[in-house]
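Letter by letter, the chains look like this.
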Amino acid sequence: MPIKTNSKIYRLFFLILHGIYLCVLPGCETPPTNVELGNKTGVLHWGNGTEPQSLDPHIATGVPEHHVISALMEGLVLKDSQTLEPTSGIAERWDISEDQLVYTFHLRSNAKWSNGDTLNAHDFVWSWWRALQPRLGNLYAYMYFPIKNARAYYNGDVNDFKEVGVKAVDDLTLQVMLENPTPYFLQLLDHYSTFPVHQETVEKFGSADERGTRWTYEGNMVSNGPFKLKKWAINQEIVVEKNPQYYDEKNVKLNEIVYYPIENGITEERMFRAGQLHYTNDVPIDKVETYRATNDPALRIHPYLGTYYYRINTRVPHLKDRRVRRALALTIDRESLTKNILKGGQIPAYAMTPPDTKGYFPPNKLEFNPLEAKRLMTLAGYPDGKNFPETEILYNTNEGHRKVAVAIQQMWKIHLNIDVRLTNQEWKVYLDSESNGDYEISRAGWIGDYVDPNNFLDMFICGGGNNRTGWCSKEYDKLILQEAPRKESDQNRFAIFREAEEILIDEMPVIPIYTYTSKNLVHSSLKNFNPNILNQASYKDLFLSDDID
Amino acid sequence: MIRFAAVRLLQAIPVLFGVITITFILIHSAPGGPFSADKAVPPEVLMALEEKYDLNLPLWQQYFGYLEDLISGDFGPSFKYPGRNVSELIASAFPTTAELALYSMIVAIVIGLFAGVVAAMRPNSVQDYAPMSLAMIGICMPSFLLGPLLVLIFGIYLEWLPISGWNSLPGDKILPAITLGTGYAAYIARLTRGGMLDILSQDYIRTARAKGLSEIVIVCKHGLRGGLIPVVAFLGPAFAGMLGGSFVVETIFNIPGLGRFYVQAAFNRDYTMILGTTIFFAALIVSFNLISDILAMWMNPKLRQKDLGDEK
Amino acid sequence: MSEIDYPEENFSLWKDAWTRLSNNKLALLGLVTLVFFCIIAFLAPWIAPYGYEEQNLILGASPPSYQHLLGTDVFGRDMLTRIMYGGRVSLLVGFIATSVALVIGVSWGAVAGYAGGNLDAFMMRLVDILYALPFMIFIILLMVVFGKNLLLLFFAIGAVEWLTMARIVRGQVMTLKKQEFIEAAHSMGLPKQIIIVRHIVPNAIGPIIVYATLTVPNVMLLEAFLSFLGLGIQPPESSWGLLINYGVETMEEYPWLLIFPGLALTITLFALNFLGDGLRDALDPKTSKD
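Calculation criteria
- Residues numbered from 1 in each chain as written.
- Chains lettered and ligands numbered in written order.
- Predicted model: local features only at pLDDT ≥ 70, side-chain atom pairs only at ≥ 80, totals over all residues.
- Heavy atoms only, no water.
- Helix = DSSP H or I, 4+ residues; strand = E, 2+ residues; numbered from the N terminus.
- Buried < 20%, exposed > 50% of the residue type's maximum accessible area, 1.4 Å probe, protein only.
- Contact = heavy atoms within 4.5 Å.
- Areas by Shrake-Rupley, 256 points an atom, 1.4 Å probe, with all protein chains shown as cover.
- Lys, Arg positive; Asp, Glu negative; His and termini not counted.
- Charge placed at Lys NZ, Arg CZ, Asp CG, Glu CD.
- pLDDT = per-residue confidence, 0-100.
- Polar contact = N/O pair within 3.5 Å; in protein donor to acceptor, adjacent residues only side chain to side chain.
- Nonpolar A, V, L, I, M, F, W, Y, C, P; charged D, E, K, R; others polar.
- Axes fitted to C-alpha atoms, helices over the stretch in contact; angles between N-to-C directions.
- Parallel < 35°, antiparallel > 145°, perpendicular 65-115°, else oblique.
- Left-handed = near helix turned anticlockwise from the far one by under 90°.
- Buried area = accessible area lost by both parts, 1.4 Å probe.
- Salt bridge = Lys/Arg side-chain N within 4 Å of Asp/Glu carboxyl O.
- Pairing = 2+ DSSP bridges.
- Phe/Tyr/Trp six-rings, centres within 6.5 Å; stacked < 30°, edge-to-face > 60°.
- Patch = residues over 30% accessible without salt bridge, like charges linked within 9 Å, V, L, I, M, F, W, Y side chains within 5 Å.

### Structural notes on the overall build of chain B
For chain B, the count of helices and strands is 11 helices and 0 strands. Its helices and strands in sequence order give chain B the pattern α-α-α-α-α-α-α-α-α-α-α, from N to C terminus. When each of the 312 residues of chain B is scored for burial, the buried share is 57%. Sequence separation of 24 or more characterises 74% of the internal contacts of chain B that already satisfy a separation of 6 or more. Put simply, chain B shows about 12900 Å² of open surface, and 68% of that area lies on carbon and sulfur atoms. Taken together, the 21 basic and 22 acidic charged side chains of chain B have centroids lying 14 Å from each other.

Spelled out as structure tokens, the structure:
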């Protein structure tokens, strides 16, 4: 039975609607965005990728951790953000002995911890002792291995830390003895794994080698860098504020940095557009096009010290023949891949080491040559792909990796007439498969920790943890582990590396595909931002200004 | 009724027990462990890590060790975030998720009740079809479709509302609440309409109308009561569903809630975090189901005899 | 116009219901739409204009045109084809998972309802216990543990949905059990199994159908959620859920990648819901208008 008084209901309805409208409208004046407010108050809003696992420099691994730690702490040496040359950090200056085996660091007299304590050479000795404690589980312990006896101490062959080549000659002088002349040693000292930690604070919250204590948390942390920790709301934000005890604090222009753990690139890009961020950690591939098309200066693309490559499991019968592997490598059209599919300014890679790594250029022995590839396949017993078993490419679930894999699958089909099936696994499962050798070809990426070819080449020594291909060459090992470290000049070392890399390219246990680029959106109000191939920002140099320049 | 509550509470124990056991078995069957990483982990380091977290003990020992800790209220340390306890992580994230669920609930109830009442007043007419269809959008559009659309329209083009975060900008709770709430609004609308139609087709309502009682009184006083009972019974599972299903909305809007934590923990193989969150959610679900069943029973004496065998 | 509560003769109820259903325009529309989509999905391998993995990397994503009626995605694959094939997967997951839920739920509920007593109490307590599990959480774990096994996906989703089905069936069976015609059959000496299968189940079918129709959309949404996490259907297979997820990522640059799969899914879900509602209204005399 229809209701007669529905007009009353409708009137009520509209009244409510009107009421809502009136309430919302006055508050409609949009509040200032993070960027607007931040520019006035000196607060930088930084998109930081995943939530940092730990801010303890001797435990952390990963780029998001690196960003926060580099604001909070400082090591002996800093890097010029453009040239990447070592500049003085806690160490004001240093002397290197003739034979390049002894480094003597003269520390600043005014270096302090954020709680006012003075920072001296003993702090470094203690910190480096801590970093090498096996129970701590420091995945970057190998950064210390150029130091005399450091590797032996870590492995337990040497029991007394006093035998390790680091000594506090006096409060302000630190002496380091190396195993071999290591021209890139100063670079290592800018990596956070060699940063000092405040002994009293660490020990207040647990034993020195106890992994995962609370000393790095809000209210507890004591650090020595341009900023100190103000707030750490997990999965929400990390806020650091200017450290008044920092020796160079008058040159630090930012007041605060807020790090946002935003995993989703699409969300992050939207936040940037809405003025909530000054800087994004990454830019989704499809958005890169849009920014390029409008020549938007916010988009910053820069070569990044990393290589995207495929590992080949050399234990698999039909992949044992190096001619097959080389054929596979020769039929990847890297130019087309980077230009048409990746579209992020990536550079085709024909060797594992990125070109111009501190002046090193890898040998040029790879190219796109399908004819030669066909010839090699025939020689190997698979003319026109006949009888070649279906091969699997494994990658971790990610659209970008899939794009590359699909494209390569097509290329191999067209040029070599072989069948490839694609398998994607979730991250942890994929890691497991790779380390267990449970794959045929798998996608991989390696980001350099320091600017030196060694970082890219010592992965593939026999049985190396990062090798995982089952490939082993005694000659390669000799070059990398014995001959190269003995050379004093970069020039001589690079010659050895080139020799080693030639072996690597000849044997092709890994197929380099492209060199990474870092893609970020940077607001025009962020000044002094100098991108470099390590994608490291120098927070003490950055400042915010609304001026257009 | 007290007996009913007591019986249900007692039942909760084997439920939680079953939850713990099943979860434990599942996570340890998953390939990949909490410590595998891109850069190879040296075997000694791996051993030290596993020792610290008791992962090198036989499975049954780990299981009973966990139960022992649980009884004393200790959910254990998180594997992924060294130094953090699972309980503190849950405590930091849960209030956010609860708030989100609460606001979404309000949205769902407001839209749902309104649509249901309007529809029930004139069944099978445009007044019925229109609001019900509109409410249906909630069911038929997944939140990961609706959310980004709302973001696009209201956040980017119109610039009326913030598009991410929670408690950082004023108004940033509106879009997430609407996205999560509209899904349930449709169910509430349906239940309200159904329950009200039940009542409104009764003879005594006809008598009341014949007597000249105003329509609003009839609808609001009598009809609504019939409509509210199934809604109240539904609130429990709805709230529980919101808590569990919040992770999509949390991911889209970058909200630091427990749902997102849980998904990350599953992907990171953070065993203790997974177990802790699962137990926590199970306990919540049991409690909410119980509360809403009690409420529904209290509102309708007939239900005390009848079985709870109705559909959603 | 019969408004009796118990089914006297089967076919008059069905005829009655059909009449009511055909008067419900929305439900009819839903039925027609559903059948249309199912036919297209079934015929996809024969009528799709392109292969679903056929790429055109130079073309990339392009808006709808004569060669590609619904546009192409970032790999240059034809969207019309992708949506057709995606529909196959989505509808298949929907129906199969629902069937799994149906089989388990109906058997469980019928047995519990008919047996009554302690067996019933035990079985339903088990259902209560399972009801309390945070299922989203378990499904995520299951998919993480067992990987991208399509069969397992059906099973996992079905295993979540059978509970309510069991409850409904049990309720129906218990009501029917007390009906006179069942008692008559019983006293005639018909064995229990025959009674259950030939008399009880056909009469309980009404609500079962309704609920099943309403479960399919839930299942499809569940599959889409899993795809959102990267746990559901894996490429190169594709479902509407997966297509929508891809579309959301590029919805500003290439809106057609979102609109068309989104429409497909939403329309199908609307159709199923309207149909289910219509069926419920048709089969349940109480909600008839006055």
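### Regarding the confidence of the model for chain C
Keep in mind that low pLDDT regions are not for reading the predicted coordinates in detail. Residue and element names in this part refer to chain C. This prediction gives chain C a mean pLDDT of 79; 88% of its residues lie at or above 70. Under a pLDDT of 50 for its full length, residues 286-290 has, in the predicted model, 6 contacts with residues more than four places off or in other chains. With pTM at 0.85, the complex prediction returns an ipTM value of 0.81.

### Quick word on the interface of chain C and chain B
Quite often, the size of an interface is put as the accessible area lost when its parts meet. Chain C puts 50 residues into the contact, and the matching count from chain B is 52 residues. Across the chain C-chain B interface, the total number found is 2 residue pairs in polar contact (both at pLDDT 80 or more). For the side of chain C that touches chain B, the secondary-structure elements that each account for two or more residues are α4 (117-131), α5 (135-146), α6 (150-177), α8 (192-229), α9 (240-249) and α10 (256-283) of chain C. The element best represented in the side of chain C that touches chain B is α10(C), accounting for 11 residues. The residue makeup of the side of chain C that touches chain B, split by class, is 33 nonpolar, 7 polar and 10 charged.

### Here we look at the packing of helix α10 (residues 322-330) of chain A against helix α12 (residues 370-379) of chain A
To characterise two packed helices, one gives the angle between the axes of the helices and the distance between these axes. Residue and element names in this part refer to chain A. Following both chains from N to C, one finds α10 and α12 inclined at 160 degrees, their axes separated by 8 Å at the closest point. Viewed along their axes, α10 and α12 adopt a mutual orientation that is roughly antiparallel. By crossing handedness, the relation of α10 to α12 is classed as left-handed. Here R323, V324, R326, A327 and L330 of α10 come into contact with α12, specifically with P370, E372, A373, L376, M377 and L379. Considering only residue class, the contact of α10 with α12 consists of 8 nonpolar, no polar and 3 charged.

### Examining the interface of chain C and chain A
Between chain C and chain A, the residue contacts involve 22 residues of the former and 19 residues of the latter. Both sides of the chain C and chain A interface together cover about 1800 Å² of buried area, and 48% of this is carbon and sulfur. Here chain C and chain A share 4 salt bridges between them. The interface formed by chain C and chain A holds 3 residue pairs in polar contact (both at pLDDT 80 or more) in total.

### Notes on the pairing of strand β11 (residues 299-312) of chain A
Looking along a regular strand, one sees the side chains alternate between the two faces of the sheet. All names here are of chain A. Across the 14 residues of β11, 10 count as buried, placing the element largely inside the fold. Where β11 and strand β16 (residues 510-521) come together, 10 bridges link them in antiparallel fashion. Among the inter-strand pairings, L299 is bridged to a residue of β16, identified as L521. Sheet topology note: the β11/strand β15 (residues 441-447) ladder contains 7 bridges and is antiparallel. For Y310, the partnering residue across the bridge sits in β15 and is R443.

### Examining the packing of aromatic side chains
Residues and elements named next belong to chain A. Inspection of the entire model under this criterion finds 41 aromatic pairs over all chains. An angle of 85 degrees between the planes, with centres 6.0 Å apart, marks the rings of Y259 and Y539 as edge-to-face. Placement of the pair is Y259 in strand β10 (residues 256-260) and Y539 in the loop between β17 (526-527) and β18 (543-544), with a sequence separation of 280 residues. What makes Y259 buried here is its relative accessible area of 1%. Centre to centre, the rings of Y360 and F494 are 5.3 Å apart; their planes meet at 70 degrees, and the pair counts as edge-to-face. Note that Y360 is positioned in the loop between β12 (347-348) and α12 and F494 in helix α17 (residues 490-507), a separation of 134 residues in sequence. Under the relative-accessibility criterion, Y360 is labelled buried at 0%. By relative accessible area, which is 6% here, F494 ends up buried. Taken together, the aromatic side chains of W46, Y259, Y279, F529 and Y539 make up a single cluster linked through ring pairs.

### Description of the side chain of A:D209
All names here are of chain A. Mapping D209 onto the fold places it in the loop between α7 (199-204) and β8 (227-233). Looking at D209, its side chain comes within polar contact range of the side chain of R135, at 3.5 Å. Only 3.1 Å separates the side chain of D209 from the side chain of S207, close enough to count as a polar contact. Non-local contacts of D209, meaning those with residues more than four positions away in its chain, are made with Q133, R135 and L136.

### A closer look at a nonpolar patch on the surface
Where nonpolar side chains cluster on the molecular surface, the patch consists of C:V35, C:I39, C:F42, C:L43, C:W46 and C:I47 and spans about 620 Å² of accessible area. Considering the arrangement of structural elements, one finds C:V35 in helix α2 (residues 25-47).

### Observations concerning the pairing of β16(A)
Residues and elements named next belong to chain A. By the criterion of burial, β16 is predominantly enclosed, with 12 of the 12 residues buried. Relative to β16, β12 is paired through 2 bridges, and the arrangement is antiparallel. Bridge pairing in β16 places I347 opposite T515.

### Re the environment of C:A27
Residue and element names in this part refer to chain C. Mapped onto the secondary structure, A27 falls in helix α2. Along the backbone, A27 and A271 are 244 residues apart, and their C-alpha atoms lie at a distance of 7.3 Å. Not counting residues within four places of it along the chain, the set of residues in contact with A27 comprises L21, F274, L275 and G278.

### Side note on the confidence of the model for chain B
All names here are of chain B. Counting all residues, the mean pLDDT for chain B is 79, and 95% of those residues have values of 70 or more. When pLDDT is averaged over each helix and strand of chain B, the minimum, 76, is found for helix α2 (residues 43-52) and the maximum, 89, for helix α4 (residues 86-121). pLDDT under 50 marks residues 305-312. Its contacts with residues more than four places away, or in other chains, come to 14 contacts.

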